[in-house]
There are 2 protein chains.
Amino acid sequence: MSNDGLFVTGALNVWNANIDRADKLFFALTADQLQKEIAPGKNRLIYLWGHLTAVHDRMLPLLGFGPRLHAELDEIFLTKPDKAVAKIPSAEEIKKSWNEVNGKLRDGFAKLSPADWLQKHADVSAEDFAKEPLRNRFAILLSRTNHLSYHLGQAVSATK
Amino acid sequence: MSNDGLFVTGALNVWNANIDRADKLFFALTADQLQKEIAPGKNRLIYLWGHLTAVHDRMLPLLGFGPRLHAELDEIFLTKPDKAVAKIPSAEEIKKSWNEVNGKLRDGFAKLSPADWLQKHADVSAEDFAKEPLRNRFAILLSRTNHLSYHLGQAVSATK
């Protein structure tokens, strides 16, 4: 493997390991357990799961993998806080969207060469990117991997 | 910057951003606030901070930056659960060790070339590394960055 390939594969391994952990954690919870708050008065587990799904869904256009699959999640799980929207998707619906989105990301990752990872993401202009070459796809992968770890830590301490 | 340099700098940016977040969070807490548990019956915030310090301290020999500075933290914050050891370091002592360890890591990071990041870490044999080249320093950086995010998520939900 080339040096570039080793950097990319290392980062993808951490992403994949986190997705596996999240799958194991959320798939094991009942609809009732998903109503639990991570701390008194804080987000419920189901909100975290929907939030992670929305954030991963937004990665699709950001990384150039095509349009979003579930933009309807944003209002419920991203722009508004937990409990602001009365009717939210069921655990089964979130699970379906979660698998769909992460599957499409996995397919997109598989098609990128190391050099592709260093290209700009969709939220930066070509002009800005010329000055700030670190605003690339790889930075999105790293930051979203850490975002997932951050919420996994919260979910684990509420469930174990 | 070379492609290799872009991958490394991207990963170091996330590490540095997480250290900054942790600094801001922990430095702002009083000794009393640090006694708070992240969830009922779970680790106290001071335990998390000591735990992170011990894990970062172990990165020094692992990455070839010299011997550990605070191996005495392991028994209290790593091998034993919270509250198993009656006398633990004060918040001031942990802060001092935390800054010392992260400073030495920062100095070490600054001396590594991109190729150095792809060399084996100290816990893998040369023989195993020949078969598993992903067990390199870069993998340690990514996994410890995620470890920090994981516990930051827990600490934030207990403090805000």
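Bear in mind the structure is a predicted one, so any value in this text is a computation, not a measurement.

Engineer: Help me out: how do you make sense of the packing of aromatic side chains in this one?
Structural biologist: Each pair of aromatic rings is reported with the distance of its centres and the angle of its planes. Residue and element names in this part refer to chain B. Scanning the model with the defined rule gives 15 aromatic pairs over all chains in all. Judged by centre distance (5.8 Å) and plane angle (85°), the ring pair of Trp 15 and Phe 109 falls under edge-to-face. Within this pair, whereas Trp 15 is found in helix H1 (residues 3–27), its partner Phe 109 is found in helix H4 (residues 91–111), the two being separated by 94 residues in sequence. Judged on exposure class, the residue Trp 15 and its partner Phe 109 are both buried. Seen in terms of ring centroids, Phe 65 and Phe 109 are 5.9 Å apart; in terms of plane orientation they differ by 70°. Their pairing is edge-to-face. Taken as a pair, Phe 65 in the loop between helix H2 (45–62) and helix H3 (73–79) and Phe 109 in helix H4 lie far apart in primary sequence, 44 residues in all. Accessibility classification places Phe 65 together with Phe 109 in one group, the buried group.

Engineer: I tried to follow the relation of the copies chain B and chain A on my own but got confused; where do I start?
Structural biologist: Both copies of the chain are related through a single rotation about an axis accompanied by a shift along the same axis. Between chain B and chain A, the superposition needs a rotation of 180° and an axial shift of 0.0 Å, giving an RMSD of 0.0 Å. Viewed as a symmetry operation, the transformation between the two copies matches a two-fold axis. Residue Tyr 150 of chain B of chain B places its C-alpha closer to the rotation axis than any other residue of that unit, at 2.1 Å. A shared binding surface is used by both copies, with 100% of the interface residues of chain B retained as interface residues in chain A.

Engineer: Explanation requested: the environment of Asn 18 of chain B in the structure shown.
Structural biologist: Structurally, Asn 18 of chain B is set in helix H1. Residue class for Asn 18 of chain B comes out buried when judged on its relative accessible area of 4%. Linking Asn 18 of chain B and Ser 149 of chain B, residues 131 residues apart in sequence, is a C-alpha distance of 6.8 Å. The residues contacting Asn 18 of chain B, other than those within four sequence positions of it, are Asn 146 of chain A together with Thr 145, Leu 148, Ser 149 and Leu 152 of chain B. A polar contact of 3.3 Å, which involves the side chain of Asn 18 of chain B, links it to the side chain of Asn 146 of chain A.

Engineer: Is there a simple way to explain the interface of chain B and chain A in this structure?
Structural biologist: Facing the 32 residues of chain B at the interface are 32 residues of chain A. Note on chain B versus chain A: buried area summed over both sides is about 2800 Å², and carbon and sulfur give 67% of it. The three residues of chain B that bury the most area against chain A are Phe 7, Leu 134 and Tyr 150 of chain B, which together make up 25% of that side's buried surface. At the surface where chain B touches chain A, the tally comes to zero salt bridges. Our count for the chain B to chain A interface comes out at eight residue pairs in polar contact (both at pLDDT 80 or more). Of all the secondary structure elements, the ones that give two or more residues to the side of chain B that touches chain A are H1, helix H5 (114–117) and helix H7 (137–159) of chain B. Per-element tally for the side of chain B that touches chain A: the top contributor is H1 of chain B, with 12 residues.

Engineer: I would appreciate a short explanation of helix H2 (residues 45–62) of chain A in the present structure.
Structural biologist: Given 3.6 residues to a turn, an α-helix orients residues that are three or four positions apart in the same direction. All names here are of chain A. The terminal C-alpha atoms of H2 lie 26 Å apart, and with 18 residues this matches the ideal 26 Å at 1.5 Å per residue to within 8%. Counting buried positions along H2 yields 16 of 18 residues, so the element is predominantly enclosed. Count one or two residues on from H2 and you reach Gly 64, which has phi positive near 80°.

Engineer: Could you clarify how one ought to interpret the packing of H1 of chain B against H7 of chain B in this entry?
Structural biologist: How two helices sit against one another is set out by the angle between their axes and by the gap between those axes. All names here are of chain B. In the contact formed by H1 and H7, the axes pass within 10 Å of each other and the chain directions differ by 30°. Taken together, the axes of H1 and H7 lie roughly parallel to each other. Our pair here, H1 against H7, has a crossing hand that is left-handed. When H1 is examined against H7, the residues Phe 7, Val 8, Ala 11, Leu 12, Val 14, Trp 15, Asn 18, Ile 19, Arg 21, Ala 22, Leu 25 and Phe 26 are found in contact with a partner set consisting of Phe 138, Leu 141, Leu 142, Arg 144, Thr 145, Leu 148, Ser 149, Leu 152, Ala 155, Val 156 and Thr 159. Its residues assigned to classes, the contact of H1 with H7 comprises 17 nonpolar, four polar and two charged.

What counts and how
Residues numbered from 1 in each chain as written. Chains lettered and ligands numbered in written order. Predicted model: local features only at pLDDT ≥ 70, side-chain atom pairs only at ≥ 80, totals over all residues. Heavy atoms only, no water. Phe/Tyr/Trp six-rings, centres within 6.5 Å; stacked < 30°, edge-to-face > 60°. Helix = DSSP H or I, 4+ residues; strand = E, 2+ residues; numbered from the N terminus. Buried < 20%, exposed > 50% of the residue type's maximum accessible area, 1.4 Å probe, protein only. Least-squares fit on C-alpha atoms with pLDDT ≥ 70 in both. Contact = heavy atoms within 4.5 Å. Polar contact = N/O pair within 3.5 Å; in protein donor to acceptor, adjacent residues only side chain to side chain. Buried area = accessible area lost by both parts, 1.4 Å probe. Salt bridge = Lys/Arg side-chain N within 4 Å of Asp/Glu carboxyl O. Expected span 1.5 Å × (residues − 1). Axes fitted to C-alpha atoms, helices over the stretch in contact; angles between N-to-C directions. Parallel < 35°, antiparallel > 145°, perpendicular 65-115°, else oblique. Left-handed = near helix turned anticlockwise from the far one by under 90°. Nonpolar A, V, L, I, M, F, W, Y, C, P; charged D, E, K, R; others polar.

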